[in-house]
Amino acid sequence: MSIEKRIQATAKNLEGKLKETFGKIRGNENQKIEGQMKQVEASLEHTQENIKERAKTIINRAYRIFDK
């Protein structure tokens, strides 16, 4: 798993939370929605990294089983 991608996704999530909060404070519905969308994107990126990590684990276990 790429730690850099995790950091980028976390930063995107924080940016989204800030944008959503400022949108709520200012009464700007578009900014609020943009912030929520950024958070969803970050969540998808984290999920993608989780899937990659899980796939690598499964492949490594399979190699260990068949190498015996």
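Before reading further, recall that the structure is shown in the block above.
Okay, so let's go over this structure. All figures in this text were calculated on a predicted structure; none of them were measured in a lab. Every chain's residues receive numbers from 1 upward, in the order its sequence appears when written. Reporting of local features is limited, given that this is a predicted model, to residues whose pLDDT is at least 70; pairs of side-chain atoms are given and counted only at 80 or more, and all residues count toward the totals for whole chains, interfaces and linings. Side-chain measures here rest on the full set of heavy atoms in the structure, leaving out hydrogens and waters.

1. Focus on the pattern of salt bridges
Link 1 in the chain: Counted as salt bridges are all cases of a side-chain nitrogen of Lys or Arg within 4 Å of a carboxyl oxygen of Asp or Glu. The full count for this structure, using the stated rule, is seven salt bridges.
Link 2 in the chain: Across the pair Lys-12 and Glu-45 runs a salt bridge, and its minimum N-O distance is 2.8 Å. One end of the pair, Lys-12, is in helix H1 (residues 3-26); the other, Glu-45, is in helix H2 (residues 29-66), with 33 residues separating them in the sequence.
Link 3 in the chain: Note on classification: 1.4 Å probe, protein chains only; a residue is buried when its accessible area is under 20% of the maximum for its type, exposed when over 50%, partly exposed between these limits. Assessed through its relative accessible area of 25%, Glu-45 is described here as partly exposed.
Link 4 in the chain: Note that Glu-29 is salt-bridged to Lys-32, the shortest N-O span being 4.0 Å. Linking Glu-29 with Lys-32, this pair stays in helix H2, spanning three residues, or about one helical turn.
Link 5 in the chain: Bridged by salt links that share partners, the residues Lys-12, Glu-41 and Glu-45 form one connected network. A run of H or I in DSSP becomes a helix once it reaches four residues, and a run of E becomes a strand once it reaches two; helices and strands are each numbered from the N terminus.

In short, geometric facts, not functional conclusions.
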